[in-house]
Amino acid sequence: MSNTLSTTSQTKLRRQNLLGTWRQSPPDAINRLRSMTQRQFYAQNLADQLFTLSELSYLYARKTHDKAYFMAAALYAYAYLNPQAPANERPSPFSQHFRQACDIYMLSLTEALGSPVHVSSQHWTLPFGTLNLDGVPSSYQWHGHNLTDLRPLARLSITGIENIYSQAGLGEPVGGLPRLSNAEDHSFTISDKLRVPLNLQVLLPSPRTQILSNTLQGHLALTAMDEAKPPNAPNPLQYDQTAARAVSLDETMDWSLEYKGFLDGRLFDQTNAAQLFAIEPHQYGHRPVILVHGTASSAARWASMVNDLMEDPIIRQNYEFWFFSYATGNPIPYSALQLRQSLLHTIQQLGGTQADPALGEMTLIGHSQGGLLIKLLAIQAEDKLWNSMVPKPLNSLKISDKYKQFLHETLFPSPLPQIKSVVFISTPQRGSYLAGFSLAHMVGRMVSFPLTVTEATRAVLASDPALRRLNMRPWRVGSVYGMSPRSAFIRSLSPIPVTPDITAHSIIPVTGAGQNLEKADDGVVTYKSAHVPYVKSELVVPHSGHSTQSNPITIAEVRRILLENLQNNSTTETLTKQDISTMGGLYQQPEHTQQAEAAQ
């Protein structure tokens, strides 16, 4: 909003001989123009005068920070817009002042109602009279949750997310904090910093009549973005959904955990923090998409992707996004076990697939190391992983049943039945050449592991004199060495295909144009390492580094995969391979049958 009067308002003041008064004493100019408007109520230029009163009140309020004038500006703007009136009594949406009045209404409410916004009944003393506002009914809830701590979103500056989405309309966009009953559950939780995108309005019945009286009566109205719009509602409502998502993730994430979580494998055990969380409650029929980040990273790295995907109405109506966090320096099978346990607990917590079949239609998306975690939930490993690292059968070792059970759960993974598809992004299926460098090994030596991992390793080494020669020093057990192309773990994992019951897809970024894939890499993982034959589709993203989650081609491919998973729904739109190719992605056709059968 400009600090300069519009041409219309300058003309109005000049014709009423009030321009000089405005410059010398703005309140006097506003009062005199209001008196003239009251006497000329039936004049054809009433709307122009109401707009001018709104603009004058807003500019004076900005100068003085007077909340009463901000509220007056909002009420004048609402009367000008006259949103509940028949179309012939409202200004044309093509009017140059229509959108400006909407902005004055929004910004004035932001300043008048402050932060946090109180939606209880209230009494205002205005420059020209009084206003009584009925509050939002106490019965108002969002998906069964009371909303608290309403914060304005209109003036927030959003960084770290590529695209900003908002919905133009009438009202003040705010973010509300729902009171969630499961916040104390440490396996799965809805973020207690979740901000629900809401619209707040001050509504005046017969606004053009009321605004020129000295006693006004109205009410506050709060509407969530995902609520069904009343069929008789004449106007779209203003929302800032990206701002709400950004605040949710920013207030939820502790960025220092990216490095703490790499170096301290005990972090989540010590803090008792939830490893699996969502930014909205589960809704019946919504298929979970679980996002698993990579090494020294965090859930916030998915912000741009989720922000874009949630703007697709089909995805928004059929999917919801869960984020898994873990201590990324820990052994990869151990982190995969934590993911498995978190998902199983959550499914049970939500009533199981009997309560909602959509819980049995999960898609797991893993970036980098996260891709290895999700693979361990999608394969029938049998004893392949164990035999590659320990030359004796697990059952033959003289260790406690506690450690046998732990090692069996960790190194003998089987597919999780609720998973229907997996998406590998920048995944070092055959290891990362960076993990083989001596510097990576030095960093890996700095990682501390959970007590369970340390004790189980010691128990294995002490169980048989022949095993004491095994090189199972802590740094060789962690994720860094585990992703080295030379590690026994990665060499045994790479040839195991995803089970046929689970559909796999791969997205592989390369820093160049992708013309010579045999020599291509993303700065961390080579194409040859990321390429596997058993996936249904493979997309090469050219000119992209390892962290490709925010790349529009990558996001478009994830969207295509999610929509493809809904093909049984006749209303589903699909994004074809040709559509992706026009954006710069290069599809490679994996050699499904021959190589997949050879691997088995």
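Just above, that's the structure.
As the structure is a computational prediction, the values presented were derived from the model and not from experiment. (Residues numbered from 1 in each chain as written. Predicted model: local features only at pLDDT ≥ 70, side-chain atom pairs only at ≥ 80, totals over all residues. Heavy atoms only, no water.)

## Details of the overall build of the protein chain
At step 1: Across its full length, the protein chain holds 26 helices and 15 strands.
At step 2: Here the protein chain holds 600 residues, and the buried ones make up 57% of them.
At step 3: When contacts within the protein chain are restricted to residue pairs at least 6 apart in sequence, long-range pairs at least 24 apart make up 78% of them.
At step 4: With an accessible surface of roughly 26,000 Å², the protein chain has 50% of that area assigned to carbon and sulfur atoms. (Helix = DSSP H or I, 4+ residues; strand = E, 2+ residues; numbered from the N terminus. Buried < 20%, exposed > 50% of the residue type's maximum accessible area, 1.4 Å probe, protein only. Contact = heavy atoms within 4.5 Å. Areas by Shrake-Rupley, 256 points an atom, 1.4 Å probe, with all protein chains shown as cover.)

## With respect to the sheet that holds strand 3 (residues 147–152)
At step 1: The six strands are arranged 1-2-7-6-4-3 in an open sheet whose pairing can be described as mixed. Edge positions in the sheet fall to strand 1 (122–126) and strand 3, since each of these pairs with one other strand and no more. In this sheet, neighbouring strand axes are inclined to one another by 30° on average, regardless of whether the strands run parallel or antiparallel.
At step 2: Bridge count between strand 6 (residues 196–203) and strand 7 (residues 215–224): six bridges; the pairing is antiparallel. When the bridges of strand 7 are listed, Asn 199 appears paired with Thr 223.
At step 3: Contacting strand 1, strand 2 (129–134), strand 6 and strand 7, helix 5 (residues 67–81) runs over the sheet at an angle of about 95° to strand 1.
At step 4: Against the sheet, helix 6 (residues 98–113) makes contact with strand 1, strand 3, strand 4 (172–178) and strand 6, and its axis sits at roughly 95° relative to strand 6, the strand it touches most. (Pairing = 2+ DSSP bridges. Axes fitted to C-alpha atoms, helices over the stretch in contact; angles between N-to-C directions.)

## Let's talk about the side chain of His 531
At step 1: Locating His 531 in the fold gives a position in the loop between helix 23 (527–530) and strand 14 (537–541).
At step 2: One polar contact links His 531 to Glu 538, side chain to side chain, over a distance of 2.5 Å.
At step 3: In contact with His 531, other than residues within four places in its own chain, are Arg 430, Ile 508 and Glu 538. (Polar contact = N/O pair within 3.5 Å; in protein donor to acceptor, adjacent residues only side chain to side chain.)

## Structural notes on the packing of helix 5 against helix 6
Any two packed helices are characterised by the angle at which their axes cross and by the distance between the axes.
At step 1: Where helix 5 meets helix 6, the closest approach of the two axes is 8 Å, and the angle between their N-to-C directions is 150°. Relative to helix 6, helix 5 is oriented roughly antiparallel. The two elements helix 5 and helix 6 meet at a crossing, and its hand is left-handed. Between helix 5 and helix 6, the residues in contact are Lys 67, Phe 70, Met 71, Ala 73, Ala 74, Ala 77, Tyr 78, Tyr 80 and Leu 81 and Phe 98, Ala 101, Cys 102, Ile 104, Tyr 105, Ser 108, Leu 109, Glu 111, Ala 112 and Leu 113, respectively. (Parallel < 35°, antiparallel > 145°, perpendicular 65-115°, else oblique. Left-handed = near helix turned anticlockwise from the far one by under 90°.)

## Side note on the packing of aromatic side chains
The description of an aromatic ring pair uses the distance of the two centres, along with the angle that the planes make with each other.
At step 1: Applying the stated criterion across every chain yields a total of nine aromatic pairs.
At step 2: Geometrically, the ring pair formed by Tyr 76 and Phe 128 is tilted, given 5.6 Å between the ring centres and 45° between the ring planes. Note that Tyr 76 is positioned in helix 5 and Phe 128 in the loop between strand 1 and strand 2, a separation of 52 residues in sequence. Assigned by exposure class, Tyr 76 and Phe 128 land together as buried.
At step 3: Of note, Arg 34 hangs over the ring of Phe 128, and the distance from its end group to the ring centre comes to 3.8 Å. (Phe/Tyr/Trp six-rings, centres within 6.5 Å; stacked < 30°, edge-to-face > 60°. Lys NZ or Arg CZ within 6 Å of the ring centre and 35° of its normal.)

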